[in-house]
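Observations on chain architecture
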Amino acid sequence: MEEKKELTEDKNPRSLNFIEEIIEEDLRSNVYDGRVHTRFPPEPNGYLHIGHAKSICLNFGIAKKYNGKTNLRFDDTNPVKEDVEYVDSIMEDVKWLGFDWEDRLFYASDYFGKLYEYAVILIKKGLAYVCDMTAEEISDTRGTPTRPGKESPYRNRSVEENLDLFTRMRNGEFADGSRVLRARIDMASPNMQMRDPVLYRILHATHHRTGDTWCIYPMYDFAHGQSDSLERITHSICTLEFEVHRPLYDWLVREIGIYAPKQIEFARLNLSYTVMSKRKLLELVGEKKVNGWDDPRMPTICGMRRRGYTPDAIRNFADTIGVAKRDNVIDVSLLEFLVREDLNKKANRVMAVLNPVKVILDNYPEDLVEEMEAVNNPEEESAGKRKVAFSRELYIEREDFMEDPPKKFFRLSPGTEVRLRSAYIIRCERVVKDTVTGEIAEIHCTYDPQTRSGMPESNRKVKGTLHWVSGKHAVSAEIRLYDRLFVKENPDDAEEGKDYKNYLNPDSLKVITGFIEPAVRSARPGDKFQFERIGYFCADKDSSGDKLIFNRTVTLKDSWAKIEKNQGT
RNA sequence: UGUCCGAUGGUGUAAUGGCAGCACUAGAGAUUUUGGUUCUCUCGGUCUAGGUUCGAAUCCUGGUCGGACAACCA
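Before going into details, it helps to say that this report is about the structure given with it.

About the criteria used
Residues numbered from 1 in each chain as written. Chains lettered and ligands numbered in written order. Predicted model: local features only at pLDDT ≥ 70, side-chain atom pairs only at ≥ 80, totals over all residues. Heavy atoms only, no water. Helix = DSSP H or I, 4+ residues; strand = E, 2+ residues; numbered from the N terminus. Buried < 20%, exposed > 50% of the residue type's maximum accessible area, 1.4 Å probe, protein only. Polar contact = N/O pair within 3.5 Å; in protein donor to acceptor, adjacent residues only side chain to side chain. Contact = heavy atoms within 4.5 Å. 1 Å grid on protein atoms, 1.4 Å probe; cavity = no way out; pocket = protein on both sides within 12 Å on 5 of 7 lines; lining within 4 Å. Points joined across faces, edges and corners; volume = space filled by probe spheres on them. Nonpolar A, V, L, I, M, F, W, Y, C, P; charged D, E, K, R; others polar. Arc of directions from axis to C-beta. Near = heavy atom within 4 Å. Core = buried A, V, L, I, M, F, W, Y, C linked by side-chain atoms within 4.5 Å. Pairing = 2+ DSSP bridges. Axes fitted to C-alpha atoms, helices over the stretch in contact; angles between N-to-C directions.

Moving on, we get to the side chain of Arg480. Residue placement: Arg480 occurs in strand 21 (residues 475-482). The buried category is assigned to Arg480, whose relative accessible area is 15%. Side chain to side chain, Arg480 and Glu478 meet in a polar contact 2.8 Å long. When sequence neighbours within four positions are dropped, the list of residues in contact with Arg480 reads Arg306, Leu509, Lys510, Val511, Asp540, Ile549, Phe550, Asn551 and Arg552.

Here's what the structure looks like:
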């Protein structure tokens, strides 16, 4: 057995993903002097989401693995969409995930001067020209994927005229949209990206960093590769939709005559039961389907942070899903599994009753209060122990009592015994119902004084263990029960006449008031707990000593729920 | 009627011409003062048709299916 296991491990010590394979090959052939230098290049026009987290982990992870470096670069070439608000949130999120760009923070806008010079080089080589057509005319003459485009009537302007026009574009002599600089490549190329792509457009807009210095701005294609080049990036890792841009990327650095990084594309992340496109997330926020970008139901990094997901869990997630080129939809239960796995080791246990019903111990002295000793985390001895007050009147979960229980119900019912966690074994003697509603108002029980936790008699076998809080000691708190935002596994593939918003989960948030043991009174925003037998919870950013607020991060696995469902109750 | 990319259990990902493995999910059991955790087991896969080869998930050819590309967005 043992030998066989070792054999398999030897055979496949650690398998590489396709990007690592490319890098190791480049390292062997020494193309980049043995360097590995990546970059994470977001446009500061929105908040980062879990898909960006995959890219961040990939870029920083690969650099770390091969002793390289990673730059953070803001791809800020479109002033009308971008803002410093996003710059700040992106830096916060990258740091929170646990990555450090050290002193390598860059902006594409830092290179506007250099990029302008590159454009001039291209013009002088006869490889770029100023085009006076309107956006519509350019679009009309581009052709289709199956039909070649038509050459612009301005395509054969002299170098001198192009130089003069481009200078005047820069000097602000022309109105927005009146002219562009285009590459002069091939209007009949089977690759649409090569049909004389626009390199510069006129935009009399104030840039969040360069102010009004420029009124022409480079397009993505003219900025990205050259920025990579200027930063001596070795491997420029991006998502699949840029695959068809690679010939242009390579053409530009080659014709300008500068250092050439290697672009590698991978499949972007899709997660089940959510949407990931910036446009849709923006819509959810704008139409108040959620309460902002950091709503705990959002797949944004700030949303997950507020929900109580940990950086470790998200990094493990990125490692576990791997990286490849085929389209994929990752099951969100994998993410939830990794969050539980991490929190199981880290979160202290606490007892909270979310749907209370009163239990009265008839044989327990009226004014007695005992301090029960409870383990903070059975998975982590160093987490220590705490005292929990116990008294005659308690609350337990309403779901933990049934008058007429089905088979396999191990909880409290008339005449049966259960253990109260870290306290006594109790027996249900009778119930008192509300005379009007018929709902159970009080469960009267007796406790067995010999079964206090730790005493020899406490080892007696009882089927169920319930969590509880002491009526006069518990603190109340607002509890926000979050669930999946969508009811459909892939909200993007909507039926005819519908869109993703038709599949919003109406029960994705329930707000209730719960009773929690007093230990949580000092909880600070972000503090994480396991509410025993219920789930993991995190103090919300708006939580305070005066008003405690807890967000449900994820439920515990619940095998009783499955049994119950199968019994058809 | 183009170019490029892709196709391995329900999901994701390995196997680099030599025993199709791992994780999640689902199911069964053991342990348990959380119906949690932990442990054990089970179900389940190479898109298709040919070819090369002693041997093909892997190489070749055809087909099928899916995705990207026609912003002065990134």
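That shown, we press on.
Let us look at the layout of surface pockets. If a probe as big as a water molecule is rolled over the atoms, it shows which places are left empty. Estimates place the volume of the second largest pocket at around 1,000 Å³. What lines the second largest pocket is a set of 35 residues, and nearest its centre among them are Pro41, Glu43, His52, Phe242 and Lys278. Elements supplying a minimum of two residues to the lining of the second largest pocket: strand 1 (37-40), helix 3 (50-65), helix 4 (84-96), helix 8 (220-230), strand 8 (235-239) and helix 10 (278-286). Its residues placed into classes, the lining of the second largest pocket shows 15 nonpolar, ten polar and ten charged.

Moving on to helix 12 (residues 311-321). Among the residues making up helix 12, those that are buried are Ala313, Ile314, Phe317, Ala318 and Ile321. Projected down its long axis, helix 12 shows its buried positions confined to an angular sector of 140°, all on one face. Positive backbone phi, at 70°, marks Gly322, one or two positions downstream of helix 12.

All right, on to the protein's contact with RNA strand B then. Residues in contact with RNA strand B amount to 74 residues; listed here are only the nearest, Glu21, Gln193, Arg349, Arg411 and Ser453. Counting only atoms of RNA strand B within 4 Å of the protein, the sugar-phosphate share comes to 62%. In the model, a phosphate oxygen of RNA strand B is placed 2.7 Å from a nitrogen or oxygen of the Arg326 side chain. One nitrogen or oxygen atom from the side chain of Ser453 is found 2.5 Å from a base oxygen belonging to RNA strand B. Mapped by element, the contributors of at least two residues to the surface near RNA strand B are helix 6 (135-140), strand 6 (198-202), helix 13 (332-346) and helix 14 (559-567). When the residues that make up the surface near RNA strand B are grouped by side-chain class, the tally is 26 nonpolar, 23 polar and 25 charged.

With that settled, the discussion passes to the side chain of Arg306. As for its position among the elements, Arg306 is in helix 11 (residues 301-307). If we skip the residues at most four places from it in the chain, Arg306 touches Asp294, Pro296, Arg480, Cys538, Asp540, Lys541, Asp542 and Asn551.

What follows concerns the nonpolar core. Of all hydrophobic cores here, the largest spans 38 residues; its most connected members are Ile50, Ile56, Val94, Leu271 and Phe317. Discounting chain neighbours no more than four positions away, the residues touching Phe317 are Ile50, Leu269, Leu271, Ile330, Leu334, Leu335 and Leu338. Counting residues in hydrophobic clusters, the runner-up holds 32 residues, among them Val120, Ala128, Ile216 and Tyr217.

Now for the sheet that holds strand 3 (residues 105-107). Judged by pairing direction, the sheet is parallel, and its three strands sit side by side in the order 1-2-3 without closing on themselves. Two strands close off the open sheet at either side, each with one partner strand: strand 1 and strand 3. Within the sheet, the average angular offset between the axes of one strand and its neighbour, ignoring direction, is 35°. Packed onto the sheet, helix 3 meets strand 1 and strand 2 (69-74) and runs at close to 160° relative to strand 1.

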